[in-house]
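# Topology and contacts: notes
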Amino acid sequence: MTPDTAQTVPVTEETGNVRELITGARFVLFDFDGPVCRLFAGLSAEGVAKDLVSWLERQGLKELLTQSERVHPDPHVVLHAVNKRHPRSDLVDELEELLTQHELKAVDSAYPTPYADPLIRTWNAVGIRLAVATNNSPRTVAEYLHGRGLLECFTPHVYGRTSDLDLLKPNPHCLNRALRAMGAHPADALMIGDTPSDFEAARRAGIPFLGYARNEFKETLLRRAGADSVVHSLRPVLDLVRQT
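Given the structure is predicted, the values throughout are model-derived calculations rather than measurements. (Residues numbered from 1 in each chain as written. Predicted model: local features only at pLDDT ≥ 70, side-chain atom pairs only at ≥ 80, totals over all residues. Heavy atoms only, no water.)

## Focus on the pairing of strand β6 (residues 189-193)
The test is simple: The classification of residues rests on relative accessible area computed with a 1.4 Å probe and restricted to protein chains. Under 20% of the type maximum is buried, over 50% is exposed, and intermediate values are partly exposed. Under the scheme used here, helices are H or I runs from DSSP no shorter than 4 residues and strands are E runs no shorter than 2 residues, and both carry numbers assigned from the N terminus. Two strands form a pair only when DSSP identifies at least two bridges running between them.
Here β6 lies mainly inside the structure; five of its five residues are buried. Of the two faces of β6, the one lined by A189, M191 and G193 and the one lined by L190 and I192 are each fully buried. Here strand β1 (residues 27-30) runs beside β6; their pairing, made up of four bridges, is parallel. Bridging across to β6, L29 finds its partner in M191. Here β6 pairs with strand β7 (residues 209-212) via three bridges, running parallel. Within β7, the position partnered with I192 by the bridge is L210.

Structure follows, in structure tokens:
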């Protein structure tokens, strides 16, 4: 039995921590790729990273990247590396648009995170204000949420990648934008993320954090970053929301 098919929620200290986070939250910020869906479930993120590298090579700009950056499986690493060397340039804009096109293509095969849809709808139904704070393109997020019938649960609070790539998480910029727009105090909010950069952005914004880890490797990374509360499934979160 996998974590996402478990039928009961054991009463543990971890469950108590999660309950405290949930009952204290009037505003919930979701990272997108991970807690809401697996964006590249049907389209390899590593393949996208390779395509970005190939595009740079065709422009005669291969030397902009180190060897480790050329083979890194995360396309955001490639984008960040180019931005570091040519910040706010036309080159970065073109590369970012190429990544956005790949993300939009991935929407059709994205796999919903188990229990994410009912969790979002339940929180929205009981009056919790929701936002997305992500390093993905806001166009991608809106396209996915629209297809799942979830966009109205978040509108207009979708905050994603901008032309200023220095503001990507772990910079808390997109989280702070969400807080300001919703009129939320950080202590009244909750951030749900699945990466150390999500945790660091929440820490810097002063927002309580709940880690979502679909496997033990993800959990290890979150714990090492300092996350105290981590769940392997959104099922117990949904159960707790329904109980409150």
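## Section: the pairing of strand β4 (residues 129-133)
For β4, the tally of buried residues reaches four of five residues, placing the bulk of the element in the interior. Relative to β4, β1 is paired through four bridges, and the arrangement is parallel. In the sheet register, L29 faces β4, and the bridge partner there is A131.

## Comments concerning helix α5 (residues 90-106)
The condition that has to hold: Multiply 1.5 Å by the residue count of a helix minus one, and that product is the helix's expected span.
Given a rise of 1.5 Å per residue, 17 residues ought to cover 24 Å, and the 24 Å separating the end C-alpha atoms of α5 matches this to within 8%. Among the residues of α5, those classed as buried are L91, V92, L95, E96, L99, T100, H102, E103 and A106.

## Regarding the environment of T195
As a reminder of what qualifies: Polar contacts, as used here, are pairs of N or O atoms within 3.5 Å; protein pairs need one atom able to donate a hydrogen and one able to accept it. Residues neighboring in sequence count only if both atoms are side-chain atoms.
Among the secondary structure elements, T195 is positioned in the loop between β6 and α10 (196-205). The spacing of T195 and P170 is 25 residues in sequence and 9.6 Å in space, taken between C-alpha atoms. One polar contact links T195 to S197, side chain to side chain, over a distance of 2.9 Å.

## Section: the pattern of salt bridges
To keep things clear, this is the line we draw: In the sections that follow, a salt bridge refers to a side-chain nitrogen of Lys or Arg positioned within 4 Å of a carboxyl oxygen of Asp or Glu.
Overall, the coordinates contain 15 salt bridges when judged by the stated rule. Here the residues in one salt-bridge network are D31, K169 and D198, joined through shared partners.

## Re the confidence of the model for the chain
The following threshold applies: What pLDDT reports is the predictor's confidence in each residue, on a scale of 0 through 100. Pairs of residues are marked as contacts when any of their non-hydrogen atoms sit within 4.5 Å.
Scored by pLDDT, the chain comes out at a mean of 93, with 94% of its residues at no less than 70. Scored below 50 in pLDDT, residues 1-12 shows 16 contacts in the model against residues more than four places distant or in partner chains.

## So, the packing of helix α4 (residues 75-85) against α5
Quick note on the threshold: Whenever a helix is involved, its axis is fitted only over the stretch in contact; in every case the axis is a line through C-alpha atoms, and angles between N-to-C directions fall within 0 to 180 degrees. The scheme is simple: roughly parallel for angles under 35 degrees, roughly antiparallel for over 145, roughly perpendicular for 65 to 115, oblique for anything else. Asp, Glu, Lys and Arg are counted as charged, while Ala, Val, Leu, Ile, Met, Phe, Trp, Tyr, Cys and Pro are counted as nonpolar; the rest, among them Gly, fall into the polar class.
Interhelical geometry of α4 versus α5 gives an angle of 170° and a closest axis separation of 9 Å. By the criterion of interaxial angle, the relationship of α4 to α5 is roughly antiparallel. In this structure, α4 contributes P75, H76, V78, L79, V82 and N83 to the contact, and α5 contributes L91, V92, L95, E96, L99 and E103. Residue composition of the contact of α4 with α5, grouped by class: eight nonpolar, two polar and two charged.

## Focus: the state of the cysteines
The following threshold applies: We call a pair of cysteine sulfur atoms a disulfide when they lie within 2.5 Å.
Applying the stated criterion across every chain, the model contains zero disulfides. This cysteine, C37, is not joined by any disulfide, and C153 carries the nearest cysteine sulfur, 15 Å off. Overall, the relative accessible area of 0% leaves C37 in the buried class.

## Overview of unusual backbone geometry
Cis geometry is adopted by the peptide bond preceding P156, which originates at T155 and carries an omega value of 5°. One can find P156 in the loop between α8 (151-154) and β5 (158-159). At the junction of K169 and P170, the peptide bond is cis and its omega measures out at 25° in the coordinates. When you line up the elements, P170 lands in the loop between β5 and α9 (173-182). The backbone of Y115 sits at a positive phi, close to 75°, despite the residue not being glycine. Looking at the secondary structure, you find Y115 in the loop between β3 (111-112) and α6 (116-125). Using a relative accessible area of 23% as the deciding quantity, one classes Y115 as partly exposed.

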